[in-house]
Amino acid sequence: MLVTRAEQDGWAVVKVAGEMDLISSPAVRQKVHEAVADGRRSLVLDLAEVRFCDSSGVGVLIGARRLMRSCAGRLRVVLPAAAGGGEGSHVDRVLAALGVRRLFEVFPDLAAATDDTARPLSA
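Residues numbered from 1 in each chain as written. Predicted model: local features only at pLDDT ≥ 70, side-chain atom pairs only at ≥ 80, totals over all residues. Heavy atoms only, no water.

> Is there a simple way to think about the pattern of salt bridges in this case?
Side chains bearing opposite charge may pair, as long as their charged atoms lie close to each other. Scanning all chains against the criterion turns up seven salt bridges. The closest approach of N and O atoms between Arg 74 and Asp 116, which form a salt bridge, is 3.2 Å. Of the two residues, Arg 74 is situated in strand β4 (residues 74-78) and Asp 116 in the segment after α4 (110-113); the sequence distance between them amounts to 42 residues. Taking the relative accessible area as the measure of exposure, Asp 116 reaches 49% and is therefore partly exposed. Ionic pairing is found between Arg 101 and Asp 92, a salt bridge with its closest N-O pair at 2.6 Å. With respect to burial, Arg 101 and Asp 92 carry one shared label: buried. Taken together, the shared-partner salt bridges connect Arg 5, Glu 7, Asp 38 and Arg 40 into one network. (Salt bridge = Lys/Arg side-chain N within 4 Å of Asp/Glu carboxyl O. Helix = DSSP H or I, 4+ residues; strand = E, 2+ residues; numbered from the N terminus. Buried < 20%, exposed > 50% of the residue type's maximum accessible area, 1.4 Å probe, protein only.)

Given below as structure tokens:
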């Protein structure tokens, strides 16, 4: 798994590639916490290249949501396959199956997620 952090249009962007599981999820959590510790209150989790997510990965996503809400921040999630209205990405299916997809503002790509005028995809 690869986790990187960058800035785009005033948003901190944490990009995740690979799998979000028990072994790799702490690295994602760490990047989110570092962004908040650095004063960032607008965060995008780019999950476009995540091919597997287990319950620990979902826990990190819910924890990130909780953290951003506690500091009056904003969290957006990139799940590109969800845009087609078809089967959706693995992460999208997992979130939907657990009934937590509606908790997140999901966007089809990074450009939309960092655009303050863009509307999230419906759950």
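So much for the structure itself; the text now carries on.
> Where do I start with the pairing of β4 in this structure?
Note on strand geometry: in a regular strand, side chains alternate between the two faces of the sheet. Taken across its five residues, β4 has four buried, putting it largely inside the fold. Bridging between strand β3 (residues 42-53) and β4 involves five bridges; their strand directions are parallel. Paired with Leu 45 across the bridge in β4 is Val 77. Crossover β3 to β4 through helix α2 (residues 55-70) is right-handed. In this structure, β4 lies alongside strand β5 (residues 105-107), joined through three bridges in parallel fashion. Looking across to β5, one finds that Val 77 is bridged to Val 106. (Pairing = 2+ DSSP bridges. Right-handed = clockwise from strand over helix to strand, strands pointing away.)

> Teacher, can you tell me more about the environment of Ala 6 here?
Within the secondary structure, Ala 6 is located in strand β1 (residues 2-8). Residue Ala 6 is classed as partly exposed on the basis of its relative accessible area of 40%. Once residues lying within four places of it in the same chain are set aside, the contact partners of Ala 6 are Trp 11, Ala 12 and Val 13. (Contact = heavy atoms within 4.5 Å.)

> I keep staring at the nonpolar core and nothing clicks. Help me out?
Generally speaking, a soluble globular protein has its nonpolar side chains buried in company with each other. Ranked by internal contacts, the top residues of the largest apolar core, which has 29 residues, are Met 20, Leu 45 and Leu 47. Here this core gets six residues from one element, more than from any other, and that element is α2. Setting aside anything within four residues of it in sequence, one finds Met 20 in contact with Met 1, Ser 25, Val 28, Leu 47, Val 50, Phe 52, Cys 53, Asp 54, Gly 57, Val 60 and Leu 61. Membership of the second largest hydrophobic core comes to eight residues, among which are Val 13, Val 44, Val 78 and Phe 107. (Core = buried A, V, L, I, M, F, W, Y, C linked by side-chain atoms within 4.5 Å.)

> Please explain the packing of helix α1 (residues 25-37) against α2 as it appears in this structure.
A pair of packed helices is captured by two measures, namely the crossing angle of their axes and the spacing between those axes. In contact at an axis separation of 9 Å, α1 and α2 are set at 10° when each is read in the N-to-C sense. Classified by the angle between their axes, α1 and α2 sit roughly parallel to one another. Contacts from Ser 25, Val 28, Arg 29, Val 32, His 33 and Val 36 of α1 reach α2 at Ser 56, Gly 57, Val 60, Ala 64, Leu 67 and Met 68. A class-by-class count of the residues in the contact of α1 with α2 yields seven nonpolar, four polar and one charged. (Axes fitted to C-alpha atoms, helices over the stretch in contact; angles between N-to-C directions. Parallel < 35°, antiparallel > 145°, perpendicular 65-115°, else oblique. Nonpolar A, V, L, I, M, F, W, Y, C, P; charged D, E, K, R; others polar.)

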